[in-house]
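Structure at a glance
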Amino acid sequence: MTNLMFHTQPDDPHQLLTISRPRPIRLLSSGVQSDTITYGSAIVDGYFGDSDLPARFLPPVAPPMRAFGCLLLSSRCCVALALSLTMATAFAAEPSPEQVEFFEKQVRPVLVEHCLGCHGDKKQQGGLRLDSRELVLKGNETGPAIVPGNPRDSRLVQVLAYSADDTQMPPKGKLPDEQIAALTKWVEMGAPWPATTTTTAATGSTSGTHWSFQAITDPRIPEARNRKRVLGTIDEYVLVKLEEKNLSLSDPADRRTFIRRAALGLWGIPPTYDDVQSFIVDERPDAVPLLIERLLASPLYGERWARHWLDVARYADSKGYVFTEESRYPYAYTYRDYVIEAFNEDKPYDRFLIEQIAADQVDLGGDVKDLAALGFLTVGRRFLNKQEDIIDDRIDVVTRGMMGLTVGCARCHDHKYDPIPTADYYSLYGVFNSSQEPGDLPVIGESTQKVAFEKFEADLKQREQKVQEFQEKTRDKINAEARGKNAGYLAEVIKTGGRPASDRRRGPTVNGEPRPAIVRKWQEYLDKRPKDNDAIFGPWHTLVAIPAQQFAAAMTQWSEQASTENGPAVHPLVKQTLLEKRPQTPVELATVYGELLTGVETKWQEHRKANAEATALPDADAEALRQVLYAEGAPTNLTTEECRNAYQRDERDKDRNLKKEIESLKATSPGAPPRAMVMNDKPQPVEPRIFIRGNQGRQGDQVPRQFLQVLAGPERKPFNQGSGRLELAQSIASPNNPLTARVIVNRVWQHHFGYGLVRTPGDFGFRGETPTHPELLDHLATRFLNSGWSVKELHRWIMTSAAYGQASLDRPEARKVDPENRLYWAMPRQRLELEALRDSWLSVSGLLDEQIGGRPYDDITDPKGHRRTVYGMVNRNDLPGVFRVFDFADPDASAAQRPLTTVPQQALFAMNAPFVVEQSRVIAGRVKSQSEDNSERVIATYRQVLGRDPGSEEREQAVAFATRGPAEKDLGGWEQLAQVLLLTNEFAFVD
């Protein structure tokens, strides 16, 4: 029997509550077993601050208290200690697949392009080499180039900052902010640098030997010796592996443990006391399958398992850093709701995948709601709207998220480890570059709030009218301005060849300067004019083709020819002006043409003043020149859309701000009808080219849009249906694809057992681990395919197995043989992740709001918020600290597995957060209303929180604890008792 002791007064360490437990408790903050836990009420009541507690607050503790004792130090010390331990472990370990991918995609290309020319194997300026981790750590005579985990003291990061009083590197110009941020993050990560490998990427025969690229086969089912424990084929595979090591499965878990395990696994909330008791006394032989059926039939199942997929889909409700536009996605929630519904309906997994890549190209049977599936592609980061990075993100989420392949590593070079050449990366790049997001997203449902919808419609119309009025007014201004500056624009065409630098790169365009977009429009217009027999621009085409040094002589010759009766046919006003002005350089020629056209514009404006209904100048010759400025397609008669490309910065900002008001309304109005974040094919598919070293400005060979060769084989055919998204989706969701079924089977197993048969669920390539039970993996994949890709069927097979139903108690003799429990000799004990923990707190307090779907709510820590955590706002720009503390998946990238950390902040949140305190208050209130008897209250509290009855010793000590003295602050003893139980590992862990 183990005692759990709590201090009831911080200045009286001998006044304790001891709650007995049947076995050692693993601490919420550390996961370490301990026989004694000291719990100071000062911490619960919120006295725990950033300064060290006085010595009188430190109770006398025995050595087993070390793991928990750090909580009695200052929070600053705790964080520093936790970080230092974590970093030390991370720096010494082999880089994870995610770290390798980050290095290959965002660090190595920067080093190659900007650093290794001066600090590589051929040249070591300043005695510094940066082409290996060892050399970077060695540095030069001034010290190491980086300090892993500490960017502030890393010389490499310092010189990249371009401080005025320090060395500036690279000397040719400061790196873009995103590249500096990537290098800084790399140092923070501990500077992971993959070891060199002899594996050839795309051409070697290694692709034919790696297990994950082999066709799925259903191996012969083995026969275990211990037939009594076999409940299905899964157990045969598990038991045979165990018996090879002279091991066996653990005893079956008791009924209470099993129903709690199953409910938390499928629902993310614990069963009620009544549910537990009903299952315990259920003697039917099919009690377990019936329980699983009930759990799978509940809408709570979809909410639980959708969250697992949303990690893979890098789901968030905001765009990341975009600065000049609305940062929230108004309709990301429709994708989240689609995923929840898909899991609840048990949508075939192959169809589920196809819809997320190409829902716009398949028959949806009239149900437009499924268009929301395309959010899988569109809810990712916006990377300051850099299209090449957005496409790279989509390639990654599709290939790594669905097939466990790190194709994104081939963006700059052939994959260092897997058989994925750069050409294959850009084949997929072409697929997504041939797709686009429409400006007006399709409505996929009606607003459920009539009054709010009417207000939304009125506000939206008003804001859209403001945008339209601004754009039309600016269009008229830009065209009028351009017609008054024809000379300047034509001169700019001569100077730049019609290809001026973008005003975005030059900075703000000063009023009076030519707008680059209109310069380019003039060049396009002139290029379209006929080169021969053009009465207006014939002289232009003739003379600008002459070298500048020969222009004056050519002008003289042209003038002599034009003066004769047999001279070229030239517009009379053009001929007259050129003969009078006799320009001597190309720029002077442009000025002459420009002044002539501007003069015609002046005549037109004067004519309009006298005759407002006029549609043409009375002089036919002048009217012909006026058409150069006013005809459809004229360079000074731009459409509203064309003018947007010609905006100066202030105009562009005003346009964005007005549109941002529209997006903000869509994101916040409860009356906005749901829309799908779709993609459509471009009218003309893009034929992709390889970007050499990932540089868009250095384009190499053209490649077809097609699937990966390692999976499609040498006879693969290029995609020919539009962008190729549908063909790509069908290739991924094909039973002939050896990766897709294996990957999802492994992930479902992982969420039930804590880790997968393959422990690198996001990397099935050469860098990933091999499966512990390869035959079992293929057997499940085969059954999964034969079941019609049913995920619910997969749950049934796993959860009715003896392997899943065994107890989680430690067995020293088994741990000695298999210390990591890779053979599943016991059910791994798992800690609840953030969503399940918060939802469980709400569930046992009775406050859980079971409303399904809809817009996200803002703050999951708000005591007044009672909806499930899956509906909470995920803000990439400002991810709340509680998400990070409890190991929430990084929404910036596809995550097949969450990190698992143990830090003091987790326990501190549970002890101090008003949200948790509120649940404790509500539980105490419910218990109080049921009985005035203290012993019965304790029993009710245990049943409410832990779903069981307390032991006699637990009951006695809990009564003493809850009834001790007057209430402290606003927390009574009963509320503190409820909170104590909410903090236990019995509540926070799943056995």
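Just so you know, these numbers come straight off a predicted model, no measurement behind them.

Definitions and limits used
- Residues numbered from 1 in each chain as written.
- Predicted model: local features only at pLDDT ≥ 70, side-chain atom pairs only at ≥ 80, totals over all residues.
- Heavy atoms only, no water.
- Core = buried A, V, L, I, M, F, W, Y, C linked by side-chain atoms within 4.5 Å.
- Buried < 20%, exposed > 50% of the residue type's maximum accessible area, 1.4 Å probe, protein only.
- Contact = heavy atoms within 4.5 Å.
- Helix = DSSP H or I, 4+ residues; strand = E, 2+ residues; numbered from the N terminus.
- pLDDT = per-residue confidence, 0-100.
- Phe/Tyr/Trp six-rings, centres within 6.5 Å; stacked < 30°, edge-to-face > 60°.

1. A closer look at the nonpolar core
With 233 residues, the main nonpolar core has Trp309, Trp522 and Phe784 as its most contacted residues. When residues no more than four places from it in sequence are discounted, the contact partners of Trp522 are Asn486, Tyr489, Leu490, Val493, Phe537, Leu597, Val628, Leu629, Pro635 and Thr636. Counting residues in hydrophobic clusters, the runner-up holds 23 residues, among them Phe102, Leu130, Ile146 and Ile180.

2. Focus: unusual backbone geometry
Here Met169 and Pro170 are connected by a cis peptide whose omega angle stands at -5 degrees. Along the chain, Pro170 turns up in the loop between helix 7 (155-160) and helix 8 (177-188). One non-glycine residue with positive phi stands out, namely Trp789, at about 60 degrees. Along the polypeptide, Trp789 turns up in the loop between helix 33 (774-786) and helix 34 (791-799). Positive phi outside glycine occurs at Asn821, with the angle close to 55 degrees. As for its position among the elements, Asn821 is in the loop between helix 36 (812-817) and strand 9 (830-831).

3. Quick word on helix 39 (residues 904-912)
Within helix 39, 7 of the 9 residues are buried, which leaves the element mostly enclosed by the surrounding structure. Every buried residue belonging to helix 39 is among Pro904, Gln906, Ala907, Leu908, Phe909, Ala910 and Met911, and all of these are buried.

4. Structural notes on the confidence of the model for the chain
On average, residues of the chain carry a pLDDT of 86, and 87% of them reach 70 or more. Below a pLDDT of 50 lies the segment residues 197-206, which in the model reaches 16 contacts outside its immediate sequence neighbourhood of four places, other chains included.

5. Digging into the environment of Val238
Checked against the element boundaries, Val238 lands in helix 9 (residues 233-244). Val238 sits 585 residues away from Leu823 along the chain, and the two C-alpha atoms are 6.9 Å apart. In contact with Val238, other than residues within four places in its own chain, are Leu249, His773, Leu776, Ala803, Leu823 and Tyr824.

6. Let's talk about the packing of aromatic side chains
Under the definition given, this model contains 37 aromatic pairs. For the ring pair Phe258 and Phe279, a centre distance of 6.2 Å and an interplane angle of 20 degrees mean the geometry is stacked. On the criterion of sequence distance, the pair formed by Phe258 in helix 10 (residues 255-266) and Phe279 in helix 11 (residues 273-280) is long-range, its members being 21 residues apart. Overall, Phe258 belongs to the buried group, its relative accessible area being 6%. Its relative accessible area of 5% is what places Phe279 among the buried residues. Here Phe753 and Tyr804 contribute two aromatic rings whose centre-to-centre distance is 6.2 Å and whose plane-to-plane angle is 85 degrees, an arrangement assigned as edge-to-face.

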